[in-house]
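# An overview of the molecular structure
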Amino acid sequence: MGNLWAWTGDPDAAVAAGRPGLVLGSHLDSVPDGGAFDGPLGVVSAFAALDLLRENDFKPSRPIGIACFGDEEGARFGIACAGSRMLTGVLDADRARGLRDAGGVSMAEAMAAGGHDPRHLGRDDETLRRVGTFVELHVEQGRALVDVDAPVGVASSIWPHGRWRLDLTGRADHAGTTRLEDREDPMLRLAAAITTAREAARRHGTVATVGKVRVEPNGVNAIPSGVTAWLDARGADADAVRAVVAEVSGAVGTDAVEESWTASTDLDAGLRHRLASLLGDVPVLATGAGHDAGILSAAGVPTAMLFVRNPTGISHSPAEHADEDDCLAGVRALARAVEELA
Ligand SMILES: [Zn+2]
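Reference entry: report on the structure contained in this document. (Residues numbered from 1 in each chain as written. Predicted model: local features only at pLDDT ≥ 70, side-chain atom pairs only at ≥ 80, totals over all residues. Heavy atoms only, no water.)

### Description of the coordination of the zinc ion
Counted only if it meets this: Listed donors are limited to N, O and S atoms within 2.8 Å of the metal, widened to 3.2 Å for Na, K and Ca; water is not among them, so incomplete-looking sites are possible. Under the scheme used here, helices are H or I runs from DSSP no shorter than 4 residues and strands are E runs no shorter than 2 residues, and both carry numbers assigned from the N terminus. Burial status follows relative accessibility: with a 1.4 Å probe on protein chains alone, a residue under 20% of its type maximum counts as buried, one over 50% as exposed, and anything between as partly exposed.
Around the zinc ion, the protein contributes the donor atoms His27 (NE2), Asp38 (OD) and His138 (NE2), which lie 2.0 to 2.2 Å from the metal centre. Counting gaps between the donor residues of the zinc ion yields the pattern H-x10-D-x99-H. Of the two residues, aspartate 38 sits in the loop between β2 (21–27) and α2 (40–55) while histidine 138 sits in strand β4 (residues 131–139), which places them 100 residues apart along the sequence. Histidine 138 matches aspartate 38 in its accessibility class, with the two residues each being buried.

Here it is, written out as structure tokens:
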């Protein structure tokens with residue numbers, strides 16, 4: 001599935017003994033033109049936390065793993081958290097193999113080209129059993145920690161969120177010689193989709209974004225024959241998110257094809273309270289960003305997330321940032337969590 005695992009100790013012996021391991025980690029992939037912290041901070045901090053614990057001669061009572069999940073952003077094949085969704089079986093193996101990138105290459109073909117056998121995709125119980133508890137540290141993708149002047153926080157829940165595709169067809173024609181009333185221009189429906197998404201999201205108290213479009217034939221002097229647009233919608237209330245998507249569908253007169261949907265995920269409440277108080281009553285916040293932690297939590301793994309302050313709140317951009325002192329506070333917090341949980 002493209003997920004990478006590193007273990008201290010013997011994770012299978014721990015499963016046999018009835019006390020499976022503690023896993024830390026996040027992802028290394030990014031969005032197009034993304035930042036350096038979303039994902040990698042969690043992987044690097046996991047290794048740094050273990051280094052810190054080794055220096056302090058900490059002896060864990062169960063194995064500790066570090067996971068790096070594949071294709072978390074879904075930048076190439078369109079499904080976010082593809083690695084953890086395949087691990088848990090939420091993303092069907094046949095569907096995954098058939099996903100195609102913008103160049104028409106299927107995931108199965110990409111895997112084969114990378115030296116992996118795509119027949120092996122699918123829910124992996126042997127690996128899942130090893131994960132007794134999962135803790136993901138992540139750069140904050142908002143400004144909540146800045147507002148309360150705290151370097152580290154704990155996540156409460158992940159908003160329901162999804163991605164939908166809008167296929168808008170029209171008729172290609174000449175941009176100079178075709179009278180306005182004779183045109184079937186799908187770009188106008190795209191415009192309606194975008195403004196409706198914004199307006200409906202404001203009314204329903206959610207967020208909604210059209211961040212990716214594909215235009216055929218994509219020529220300056222040609223009325224498009226077709227536009228494909230992707231709508232990302234999220235919010236604290238799933239019904240409100242669905243209402244926004246329905247309004248966008250209505251505005252363009254076509255069904256929005258649901259490419260992925262993740263229900264609201266409440267991370268383990270006991271674990272959250274334990275870590276928040278352990279770390280000195282740090283802020284507890286909900287997030288609008290999806291994470292592998294949410295996928296594992298939904299699969300029944302007791303899961304927690306730590307956030308590290310992002311001074312501007314900007315994410316999915318090269319401007320994404322965390323100060324070094326805050327990153328180190330995150331490492332210390334993660335090390336404290338490991339001492340507590342392992
Ligand atoms: Zn991330």
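Moving on from the coordinates now.
### What about the side chain of threonine 303?
To keep things clear, this is the line we draw: Contacts described as polar in this section are N or O atom pairs within 3.5 Å, which, within protein, must combine one atom able to donate a hydrogen with one able to accept it, while residues neighboring in sequence count only if both atoms come from side chains. Here, two residues are considered to be in contact whenever any of their heavy atoms come within 4.5 Å of each other.
In this fold, threonine 303 is placed in strand β14 (residues 303–308). Among the polar contacts listed, one links the side chain of threonine 303 to the backbone oxygen of valine 301, at a separation of 2.7 Å. Dropping the residues within four chain positions of it, threonine 303 is found in contact with Phe134, Leu267, Asp268, Leu271, Ala293, Leu296 and Ser297.

### Structural notes on the pairing of strand β5 (residues 152–158)
Convention followed: The pairing criterion for strands is at least two bridges between them, as found by DSSP.
The element β5 is largely enclosed, with a buried count of seven among its seven residues. With three bridges joining them, β5 and β14 adopt antiparallel strand pairing. Counted as the bridge partner of valine 154 is leucine 306 from β14. Where β5 meets strand β13 (residues 284–287), three bridges bridge the pair, whose relative direction is parallel. Counterpart to alanine 155 in the pairing with β13 is leucine 285. Bridge count for β5 against strand β12 (residues 265–266) is two bridges, and the pairing is antiparallel. Paired with serine 157 across the strands is aspartate 266, a residue of β12.

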